[in-house]
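# Geometric and topological summary
The lines below spell out each chain.
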Amino acid sequence: MRAVTWQGRREVTVETVPDPIIKEPTDAIVRITTTGLCGSDLHLYEVLTPFMTPGDILGHEPMGIVEETGPEVTNLKPGDRVVVPFQIACGHCWMCRSGLPTQCETTQVIEHGMGAELFGYTKLYGAVAGGQAEYLRVPQAQYGPIKVPEGVQDDRWVYLSDVLPTAWQAVEYAAVPPGGTLAVLGLGPIGSMACRVARVRGLADRVIGVDLVPERLRRARADGVEVHDLNDFSHQEDLVEAVRSTTGGRGVDAVIDAVGTEAHGSPVGRTAQRATGFLPRGWAAKLTEKAGVDRLAALRLAIALVRRGGTISLSGVYGGMADPLPLMTMFDKQIQLRMGQANVRRWVDDILPLLTDEDPLGVDGFATHRMPLEEAPRAYEMFQHKEDGAIKILLRP
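Residues numbered from 1 in each chain as written. Predicted model: local features only at pLDDT ≥ 70, side-chain atom pairs only at ≥ 80, totals over all residues. Heavy atoms only, no water.

### Things to note about the packing of aromatic side chains
What the rule picks out here adds up to two aromatic pairs. Between Y159 and F366, the aromatic rings sit 5.3 Å apart at their centres with planes inclined by 80°, giving edge-to-face as the arrangement. Pair noted here: Y159 is in the loop between β8 (146–147) and α3 (163–174) and F366 is in the loop between α11 (344–351) and β15 (369–372), with a separation of 207 residues, a long-range link. You can call F366 buried: its relative accessible area is 0%. Over the face of the ring belonging to F366 we find R219, whose NZ or CZ atom lies 4.5 Å from the ring centre. Over the ring of Y173 we find R338; its NZ or CZ atom is 3.9 Å from the centre of that ring. (Phe/Tyr/Trp six-rings, centres within 6.5 Å; stacked < 30°, edge-to-face > 60°. Helix = DSSP H or I, 4+ residues; strand = E, 2+ residues; numbered from the N terminus. Buried < 20%, exposed > 50% of the residue type's maximum accessible area, 1.4 Å probe, protein only. Lys NZ or Arg CZ within 6 Å of the ring centre and 35° of its normal.)

Structure representation (structure tokens):
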């Protein structure tokens, strides 16, 4: 089969690799019909390279058709159309039954002290082959895959793999009080969808979006979001003051950081991240595990924007082990901080009623680009450099 493989920093290629096979009785094989390119993939493209191995198959936002199942997968049959969540979870352990499949005790990567295995996402999360491919082996298929009906294009369902539950959880964790204000930092796929979720659910009287990419700002403005362009402010303090001036001088009730470690600014963090690219892979991995730092511009802005006693919800990925957080300010402001990978299956039943013909979340037109799988290297480059208005890219094998 053909698959998107990681070959080095900022280098992905489409290669012919062996077809996946059933290895465990709880496996399924899915023929991929659509797979998404995620902002998290860009962390593998550049930041988390010490934990990658050349030839790793990328991707964690797939959907397709079941081709084969193991004997213990009784809920699926060949021909079923399914969306595959990005995490691999059993559904029956204490964590899964508690609504935390990202912490699944059956698939936790104990060797590295991490949570549940993820598709296409570094050895820290099991180095499981990902879904930017023609076929995908799906472990724990008795629980993970979400069956969806025929007759509607893939765009209606594919975001159940990551974007929709991640945005939904970000809004839930933000805990905006009735009549409150929500700021969303980063208007890429997750930030943009979080704005839509908050507005459609009526969870905030005002949703304020912050970004510096013109296409993203225009799209959010069209969705009814109040937007601030970072390019309009010389200093962070100016943006903070502009927001406070419209919130009674207090700041917003909640902030969603949908950026993570890819934030602009933070030159020291950027230099430290890039330096690992010049070390032998084993050394770089050890250094990152013990002393890795993130570019924290977005998180620091969130801390400044949120009111005292407010909530910060982190959905953007951070990977640093030695990040210098302003704990005195966080403690003094009595900030509540919630974070983590989205627990996909926990939120699916809440999301499905909104994936109707009326399409209130605008999923049918959410993708800005649809490209053949063979053009994945170009898609990664476009997404990394934010070229041609690329906000969300779907790949089709």
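### Points about the layout of surface pockets
Of the pockets and cavities examined, the second largest pocket occupies roughly 340 Å³. For the second largest pocket, the lining is made up of 23 residues, of which P20, K23, V128, A129 and R137 are closest to its centre. When residues in the lining of the second largest pocket are grouped by element, the largest group, three residues, is from strand β7 (residues 135–138). When its residues are assigned to classes, the lining of the second largest pocket shows 13 nonpolar, four polar and six charged. (1 Å grid on protein atoms, 1.4 Å probe; cavity = no way out; pocket = protein on both sides within 12 Å on 5 of 7 lines; lining within 4 Å. Points joined across faces, edges and corners; volume = space filled by probe spheres on them. Nonpolar A, V, L, I, M, F, W, Y, C, P; charged D, E, K, R; others polar.)

### Focus: the nonpolar core
Formed by 74 residues in total, the largest nonpolar core has its most connected members in Y159, L160, L164, L182, M193 and I256. Considering each element in turn, this core owes the most residues, seven residues, to α3. (Core = buried A, V, L, I, M, F, W, Y, C linked by side-chain atoms within 4.5 Å.)

### A short note on the side chain of T181
Relative to the helices and strands, T181 is located in strand β9 (residues 181–185). Taking the relative accessible area as the measure of exposure, T181 reaches 11% and is therefore buried. Apart from the residues within four sequence positions on either side, T181 is in contact with V176, R206, T247, G251, V252, D253 and A254. (Contact = heavy atoms within 4.5 Å.)

### With respect to the pattern of salt bridges
Once their charged atoms are close, side chains differing in charge can pair, the charge on each being opposite to the other. Within the structure shown, the criterion is met by 19 salt bridges. Across the pair K77 and D80 runs a salt bridge whose closest N-O atoms are separated by 2.9 Å. Notably, a salt bridge pairs E172 with R201, separated by 2.7 Å at the nearest N-O pair. Placement of E172 in helix α3 and of R201 in the loop between α4 (189–200) and β10 (206–211) is noted, with a sequence separation of 29 residues between them. (Salt bridge = Lys/Arg side-chain N within 4 Å of Asp/Glu carboxyl O.)

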